[in-house]
Amino acid sequence: MVQLSLFVLALAAVTVNGAPLTKRIAQVIAESTAQWEKACLAAGGGQQCNPVSVAAFSTLLAAAGPCEQQDSADKMIDLAKTLNNDPNMIKLAQIFAQQPRNTPNSLSVPYCQKAPKNAQLNGLFQCQFAGADPVNFVGGVKVGGEGTIPFGQNAPLNPAGSCPANPQGPIADGTQLVTITQNPGAAAGGGGGGGGGAKGQGKGKGQGQGQGNPKGGKKADSKTKQAASTSAAPPAQTSVAAGAAAPPPPAAAAPGGGFKLQNGKDAQALNAKFATLNPNSSCQDGDQACIDGGFAQCVGGKFAITQCSGGTVCMALPLVNKPGTSITCTTEADAQARIAATGASGGISG
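The model shown is predicted, which means the values in this text are computed figures rather than measured ones.

A. Layout of the sheet that holds strand 6 (residues 288-291). Pairing in this open sheet of three strands is antiparallel, and the strands run 6-7-8 from one edge to the other. Looking at strand neighbours, the two that pair on one side only are strand 6 and strand 8 (302-307), the edges of this open sheet. Along the sheet, successive strands turn relative to each other by an average axial angle of 35°, direction set aside. Pairing analysis gives six bridges linking strand 7 (residues 294-299) to strand 8, with the strands arranged antiparallel. Note that in strand 8 the partner of Cys298 across the bridge is Phe303.

B. The nonpolar core, seen in detail. Membership of the largest hydrophobic core comes to 59 residues, with the highest contact counts inside it found for Trp36, Met89, Phe274 and Phe295. Residues in contact with Trp36, not counting those within four places in the same chain, are Cys49, Val52, Ser53, Met76, Leu79, Met89, Leu92 and Ala93.

C. Representation of the environment of Phe303 in the model. Note on placement: Phe303 falls in strand 8. Distance in space between the C-alpha atoms of Phe303 and Asn280 is 7.1 Å, their sequence separation being 23 residues.

D. Spotlight on unusual backbone geometry. Asn158 connects to Pro159 through a cis peptide bond whose omega is 5°. Relative to the elements of secondary structure, Pro159 occurs in the loop between strand 3 (141-142) and helix 6 (177-180). One non-glycine residue, Asn85, lies in the positive phi region at around 50°. Here Asn85 is to be found in the loop between helix 4 (68-82) and helix 5 (87-96). In the Ramachandran plot, Asp292 falls in the positive-phi region, its phi being about 50° despite a non-glycine side chain.

E. The arrangement of the pattern of salt bridges in detail. Inspection of every chain in the model, using the stated rule, returns three salt bridges. In this structure, the salt-bridge partner of Asp71 is Lys114, at a minimum N-O distance of 3.2 Å. Of this pair, Asp71 sits in helix 4 while Lys114 is found in the loop between strand 1 (107-108) and strand 2 (133-137), placing the two residues 43 residues apart along the sequence.

F. The arrangement of the packing of aromatic side chains in detail. Inspection of the entire model under this criterion finds three aromatic pairs. Here Tyr111 and Phe125 contribute two aromatic rings whose centre-to-centre distance is 5.6 Å and whose plane-to-plane angle is 85°, an arrangement assigned as edge-to-face. Taken together, the residues span a long stretch of sequence, with Tyr111 in the loop between strand 1 and strand 2 and Phe125 in the loop between strand 1 and strand 2 at a distance of 14 residues. Members of the aromatic cluster, each reached through a chain of ring pairs, are Tyr111, Phe125 and Phe137.

G. Quick look at the sheet that holds strand 3. Pairing in this open sheet of three strands is mixed, and the strands run 1-2-3 from one edge to the other. The open sheet is flanked by strand 1 and strand 3, the only strands paired with a single partner. Of the pairings in the sheet, the one linking strand 2 to strand 3 comprises two bridges and is antiparallel in character. Of the residues in strand 3, the one forming a bridge with Phe137 is Val141.

Analysis parameters
- Residues numbered from 1 in each chain as written.
- Predicted model: local features only at pLDDT ≥ 70, side-chain atom pairs only at ≥ 80, totals over all residues.
- Heavy atoms only, no water.
- Pairing = 2+ DSSP bridges.
- Helix = DSSP H or I, 4+ residues; strand = E, 2+ residues; numbered from the N terminus.
- Axes fitted to C-alpha atoms, helices over the stretch in contact; angles between N-to-C directions.
- Core = buried A, V, L, I, M, F, W, Y, C linked by side-chain atoms within 4.5 Å.
- Buried < 20%, exposed > 50% of the residue type's maximum accessible area, 1.4 Å probe, protein only.
- Contact = heavy atoms within 4.5 Å.
- Salt bridge = Lys/Arg side-chain N within 4 Å of Asp/Glu carboxyl O.
- Phe/Tyr/Trp six-rings, centres within 6.5 Å; stacked < 30°, edge-to-face > 60°.

Below you can see the structure in the form of structure tokens.
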């Protein structure tokens, strides 16, 4: 009997040791655009900065499509162009476009397969985290298959997991690219790389090397991200979790900006609803919420929660220039002040 028990234990150990080891590789996504948002505010972007920042860092979550990060980087540059082509904003947008995305199962994340809208992003693509499998990509695609080679190139990356801003290879799990380099690998004021060779590398017209993109500045339509906001393309109301349904659509704006009070009440209603959610709450893919102080997005029917950077928590806030709300990382004092400024009473949750 003892021998049989030992045999069962040994078999279990072999089974465990032989099982594929996968893990979710994540990051504090809000930190990826924090410097860009600060630069945007310094350039005079005002209330336009935060919605674009939130929409951008949301694309680093596992549920985002392969081109949503690039589309958001395009929107970051679009806003920079309205602010005297602010070079710091453009540089930081270029670095953001190369930030690794979360991977739910230790697999590499596919690359976008279309040209960016803005020439400043030509030849730029995301690095991978060091813990990601360099041979296997999300979706079960082997290297060499669809989406495993950056747009404009004709051979797998060498070294695997690298990007123009970090050409020596992947970066440490959870690291923000913007904290380890301020050189995006492309000229801040012009296009990225020139025409690519076998590895797609060519000298850019500016500093550093850019990854080649033979289609140059060819434009492609940007997919509208629900939470994004610029003066040219205001956002729809932020998608929220099932069971945390958004409040009824606000009434048409009254003279004097009457929508502001409704925005404050809507933000309070969302914060009250978020307080009832937990990581096991039911949701639909793409839903967004604030759970336990972190920014949550529904991935595969479950919430993936990314904690905000130090000193901030996830909150619903009222928009200022149009009806609606946004979800972002902020301080409780800031959230309270913004809601109070709308005329809504009762604090963060009403």
